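Per-entry structural report
One-letter residues, chain by chain:
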Amino acid sequence: MSSIVLAVLAIAALLGLSAFVPVLAERLRLPATTVLALGGIAIGSVLYLAGGEVAATLPTQVSHLLGDLADLSIPPDTLLLIFLPVLLFESSISLDARALRDDAVPVLAMAVLAVLVTTIVVGASLDPFTVVPLAGCLLLGAVVATTDPIAVIGVFREVGAPRRLSDLVEGESLLNDAAAIALFGAFIDALRAGGDGDPVSILLTFVRDFIGGGLFGVLLGRLGATVLNKLDSTGPAEITLSLALAYIAYIVGEHVLNISGVVATVAAGVVFGYLGRRRVSGGAWASMQKVWTQLGFWAASLVFVLAAMLIPKVLAEFRLTDLLLLVILILATFTARIFVLYAVIPLLTMVKLAKPIRSAYRAVMLWGGLRGAVTLALALAVSEFDGISEEVQHLVEVVAVSYVLFTLFVQGTTLRPLIHWLKLNQLGPLERMVRNRALELSQSNMLDQLRLEAVRLGIDPETSPEIDRLYKARLATPRRVAPLGDDMLAQQLSAALFTLTRREAELYVAEIGRGLVGRRTASQLLGNTDRLQDALQTDGARGYRSVAKRLTRFDTPMRMAAWSQRTFRWSTPLAMQLADRFEVMLVSRRVLAELGEFAKDRLPMLFEPRIAETALHVLEDRQELTERSFDALELQYPEYAEALRARYMDRAALRMEEEAYQQMLQERLITPPVYRDLMEATRQRAKRLERAPRLDLRMDVRNLLRDLPLFKDLEPEQLTAMSRLLRPRMALPRERIVRVGSIGDRMYFIASGAVEVMLDEPVRLGTGDFFGELGLLTREPRRADVVAMGYCHLLELHADVFERFLAADPQAAAAIRRIASERLGVWREPADEVE
């Protein structure tokens, strides 16, 4: 039988066996990786014995088949090349990027610092007890520094461990693989060169690989998400692109750019997942994740079993002295992990670089540092490199494999009881309260429906066992009779607002799925809900209100765009920012209105009436802020607001039309060719609607000047000459245009909008008015702040051309001097005379 046929047969057989692993693991109450390891060791033992006396007792064909399979060898580094990109990318795209960002410091500490500490501690601890060089001991430390999240996360999900604990462990394991593999390569090179290596050079190489891999992965992830927008949402194309991205990131990073391919793959997966789920419909992304879950399951099962199959051959070389080295290794790894968890992390928390991690979480992270497929593959790959001595090969292979078995069969089997003992599988006080309320509501609804169904069936409700059970269960459900303290009320309000925020995100996802929202707008809206959830988790309802206010203010890109327009007369960035803000506010208004109805109907079912009412008031305050922001924009650009509404309605009509065609196809009213023809027409219209209408800032100086009453009598030639002396400027709401005490080097004409002069009694100036002339006439510092009340179109006249401007239009010059004299008499005591 050829090697290709044997390889396909082996993979098919292993995939078939892996299908039974989840069920078997559940029945045995063991982690899935432990069951996979047992299966791989069993298969490896059979194949190892197939070449000996056991083979003689088997039928000839079976003996030949087992012998051929035993001779079939897949190098461990090949296992990593084939399966590691899939494993890394599958975990990365499903990782909560927001949670990873929040815990970035502790995750990096556990992923990078812990790997370095583990490598050093293990190397220093083993060096006195072995004959191998220090680089060989450090190599073993790098190999065992990788943690495997598969078994741990599986246990977490089964027992209902907190989400943050899962995020910490999964984030750590993804990145520490990268750190450990980078160190692994450095120590392999040092051993092949015949020395221990230069520590500084190794560290610099490690930093270069890590940072370079991260930057390359971010670039690829963004590129992949951008290309994803151009593909039809057909599923296969998107999945194919993501699979290609995983292998390109790993292979190009590792073998072409000589940086960390693991970091590149993880970074690409996180960025692709974060941006991708915001740029495709919810259904398309869910389908992609299902396929990746399947790919991840296959890769994890195959790499673990194939690596575990080599364990019997390795353990056959186990010596008594290796037992001592194994004990030292176990103690050293625990010492290193304790140092990071109980010394470094608290220090980072103390200096405000990380959020606190509960002691129970740290205990689980300490005991849950299981090693798995990557550790096995790295340990077994040592023998594939030329120039590595037999002593180093034996140390790394035998001791590392033994250590993996210890973590799987000792730590892995006791992790679940530890979580139960620490009560991390139990709901907190607020969740228990919500659970009891939800149970009470469901039982009441079921009881009413079952009574009605019993009457319809001619059954006496009083004699129904199920109705009697529900009635007794409802009586046994704890009721909220004791008054709630202020802390619990605050928690309830935060929970109610968190419920609304999650619902808001779902509504935005639905809008995206229906094709009613542009991609840039969708990303910003979902980012806003992320910020609101972050604020609720850290600062409760107060944080929610604070972020809600900030969402209606102008962010840095908007202010930078306004600055570029004011400084360089470059209006395009400002027009794009205002157009995006228009659409964000339009969609937010619609979704917040729907969210208000949801709050009125659903919140009273789970929360105290006053809590539900307070949450509704907080939401209404946010609606009012959004309404005011949109109204200010619409007042300035009513035509654009109308164009956006029309575009939204066109998109909604297009989606309804597509749904109608799909229904007709399902009902066999139209044939597939007709359906494809109709859908092609809708796709063309959808592409046209992707282009947002152009926002005209109306910043043409001549037109603005012509509309001002002060210059209405100018001749066209005079108007053109005057317009060359003025510069257009857009002022944003609440922007301080003039600062008190500053040098008056320019004045402003209000083409549209209104400003407020911040005197003891504020003075409002509107369209056609001007301000700032006093500074040019008196050469004195500004007398007051001037703040824009809304969006304002201003014409700016600089001091250098002020005299030329006055000379060009004597009538306007006289009006400016007259009004300035009047203002001096009112705004300053004693009044100054203006020359």
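Above this text sits the structure in question.
Reading the values: rules and limits
Residues numbered from 1 in each chain as written. Predicted model: local features only at pLDDT ≥ 70, side-chain atom pairs only at ≥ 80, totals over all residues. Heavy atoms only, no water. Helix = DSSP H or I, 4+ residues; strand = E, 2+ residues; numbered from the N terminus. Buried < 20%, exposed > 50% of the residue type's maximum accessible area, 1.4 Å probe, protein only. Contact = heavy atoms within 4.5 Å. Areas by Shrake-Rupley, 256 points an atom, 1.4 Å probe, with all protein chains shown as cover. Phe/Tyr/Trp six-rings, centres within 6.5 Å; stacked < 30°, edge-to-face > 60°. Axes fitted to C-alpha atoms, helices over the stretch in contact; angles between N-to-C directions. Parallel < 35°, antiparallel > 145°, perpendicular 65-115°, else oblique. Left-handed = near helix turned anticlockwise from the far one by under 90°. Nonpolar A, V, L, I, M, F, W, Y, C, P; charged D, E, K, R; others polar. Pairing = 2+ DSSP bridges. Core = buried A, V, L, I, M, F, W, Y, C linked by side-chain atoms within 4.5 Å. Polar contact = N/O pair within 3.5 Å; in protein donor to acceptor, adjacent residues only side chain to side chain. Patch = residues over 30% accessible without salt bridge, like charges linked within 9 Å, V, L, I, M, F, W, Y side chains within 5 Å. Salt bridge = Lys/Arg side-chain N within 4 Å of Asp/Glu carboxyl O. Lys, Arg positive; Asp, Glu negative; His and termini not counted. Charge placed at Lys NZ, Arg CZ, Asp CG, Glu CD. Arc of directions from axis to C-beta. 1 Å grid on protein atoms, 1.4 Å probe; cavity = no way out; pocket = protein on both sides within 12 Å on 5 of 7 lines; lining within 4 Å. Points joined across faces, edges and corners; volume = space filled by probe spheres on them.

With that settled, consider the overall build of the chain. The helix and strand inventory of the chain stands at 34 helices and eight strands. Here the chain, with 835 residues, has 50% of them falling under the buried criterion. Taking the contacts inside the chain whose residues are at least 6 apart along the sequence as the reference set, 79% of them involve residues at least 24 apart. Accessible surface for the chain amounts to roughly 40300 Å². Of this, 59% is attributable to carbon and sulfur atoms.

Tallied over the full model, the rule gives 13 aromatic pairs. Their ring planes at 45 degrees and their centres at 5.0 Å tell us that Phe89 and Trp292 sit as a pair that is tilted. Within this pair, whereas Phe89 is found in helix α6 (residues 76-93), its partner Trp292 is found in helix α15 (residues 282-308), the two being separated by 203 residues in sequence. Overall, Phe89 belongs to the buried group, its relative accessible area being 0%.

Before going further, it helps to examine the packing of helix α26 (residues 572-606) against helix α27 (residues 609-636). Running from N to C, α26 and α27 cross one another at 160 degrees; their axes reach a closest spacing of 9 Å. Considered as vectors, α26 and α27 are oriented roughly antiparallel to each other. Relative to α27, the crossing made by α26 is left-handed. Class assignment of the residues belonging to the contact of α26 with α27 gives a composition of 16 nonpolar, five polar and six charged.

Turning to the sheet that holds strand β8 (residues 792-798), a few remarks are in order. Spatial strand order, β1-β8-β3-β6: four strands in an open sheet with antiparallel pairing. The outermost strands of the open sheet, each flanked by one partner alone, are β1 (726-731) and β6 (770-771). As paired strands, β1 and β8 are joined by six bridges and run antiparallel to one another. Residue pairing in the sheet places Leu726 in a bridge with Leu797 of β8.

What follows is about the nonpolar core. Counting 75 residues, the largest nonpolar core has Leu84, Leu139, Leu140, Phe210, Val262 and Val396 as its most contacted members. For this core, the leading source of residues is helix α11 (residues 163-192), giving 14 residues. Membership of the second largest hydrophobic core comes to 50 residues, among which are Val21, Leu30, Val401 and Leu405.

The subject of this paragraph is the side chain of Ser260. Locating Ser260 in the fold gives a position in the loop between α13 (236-256) and α14 (261-279). We classify Ser260 as buried; its relative accessible area is 6%. Here Val263 takes part through its backbone nitrogen, which lies 3.1 Å from a polar atom of the side chain of Ser260. In this view, Ser260 contacts Ala178, Asp209, Gly213 and Glu254; residues no more than four positions away in its chain are not counted.

A separate point is a positive patch on the surface. Where like charges cluster on the molecular surface, the positive patch consists of Arg531, Arg545, Lys549, Arg550, Arg553, Arg559 and Arg734. Sort the elements by how many residues they give to the positive patch and helix α24 (residues 519-551) lands first, with four residues. Mapped onto the elements, Arg734 comes out in the loop between β1 and β2 (736-738). Classification of Arg734 as exposed rests on a relative accessible area of 54%.

Attention now goes to the pairing of strand β3 (residues 746-752). For β3, the tally of buried residues reaches six of seven residues, placing the bulk of the element in the interior. Here β3 pairs with β8 via six bridges, running antiparallel. Each residue of the ladder has a partner; that of Phe749, found in β8, is Leu795. The sheet contact formed by β3 and β6 spans two bridges and is antiparallel. Bridge pairing in β6 places Phe749 opposite Phe770.

Glancing now at the sheet that holds strand β4 (residues 755-757). Spatial ordering of the open sheet is given by β2-β7-β4-β5, a layout of four strands whose pairing is antiparallel. The sheet is open, and its two edges are formed by β2 and β5 (763-765), each paired on a single side. If you compare each strand with its neighbour and ignore which way they point, the axes differ by 30 degrees on average. As defined by bridge partners, β4 adjoins strand β7 (residues 786-788) across three bridges and the pair is classed as antiparallel. Each residue of the ladder has a partner; that of Val755, found in β7, is Ala788.

Taken N-terminus to C-terminus, the directions of helix α8 (residues 104-126) and helix α9 (residues 134-144) make an angle of 135 degrees; their axes are 7 Å apart at the nearest point. Looking at the two axes, α8 sits oblique to α9. Two packed elements cross with a definite hand, and for α8 against α9 that hand is right-handed. Across the interface between the two elements, Thr118, Thr119, Ile120, Val122, Gly123 and Leu126 from α8 touch Leu134, Cys137, Leu138, Leu140, Gly141, Ala142 and Val144 from α9. Its residues assigned to classes, the contact of α8 with α9 comprises nine nonpolar, four polar and no charged.

Our next topic: helix α31 (residues 716-723). Considered for burial, the residues of α31 that qualify are Leu719, Met722 and Ser723. Seen along its axis, α31 keeps its buried residues to an arc of 100 degrees; they face one direction. Residues of α31 that are buried sit in contact with α30 (701-706), β1 and α33 (802-808).

Right, let's get into the environment of Pro199. Its location among the elements puts Pro199 in helix α12 (residues 199-230). Separated by 13 residues in the primary sequence, Pro199 and Ala186 place their C-alpha atoms 9.9 Å from one another.

Here the phi dihedral of Asn258 falls at roughly 55 degrees; this positive angle occurs in a residue that is not glycine. Along the chain, Asn258 turns up in the loop between α13 and α14. Assessed through its relative accessible area of 48%, Asn258 is described here as partly exposed. Unlike most non-glycine residues, Arg734 shows phi in positive territory, near 70 degrees.

With that settled, consider a nonpolar patch on the surface. A surface patch of nonpolar side chains, amounting to about 490 Å² of accessible area, comprises Phe318, Leu320, Leu323, Val327 and Leu331. Inspection of the secondary structure assignment puts Leu331 in helix α17 (residues 320-350). For Leu331, a relative accessible area of 54% gives the class exposed.

We now examine empty space enclosed by the protein. A water-sized probe, rolled over the atoms, reveals where empty space remains. Taken as a whole and judged by the stated rule, the model has seven cavities of 30 Å³ or more. For the second largest cavity, the calculated volume is near 110 Å³. Lining the second largest cavity are 13 residues, and of these Asn528, Leu551, Ser588, Arg622 and Thr626 lie nearest its centre. For the lining of the second largest cavity, the secondary-structure elements that each account for two or more residues are α23 (486-513), α24, α26 and α27. Taken together, the residues of the lining of the second largest cavity break down into seven nonpolar, four polar and two charged.

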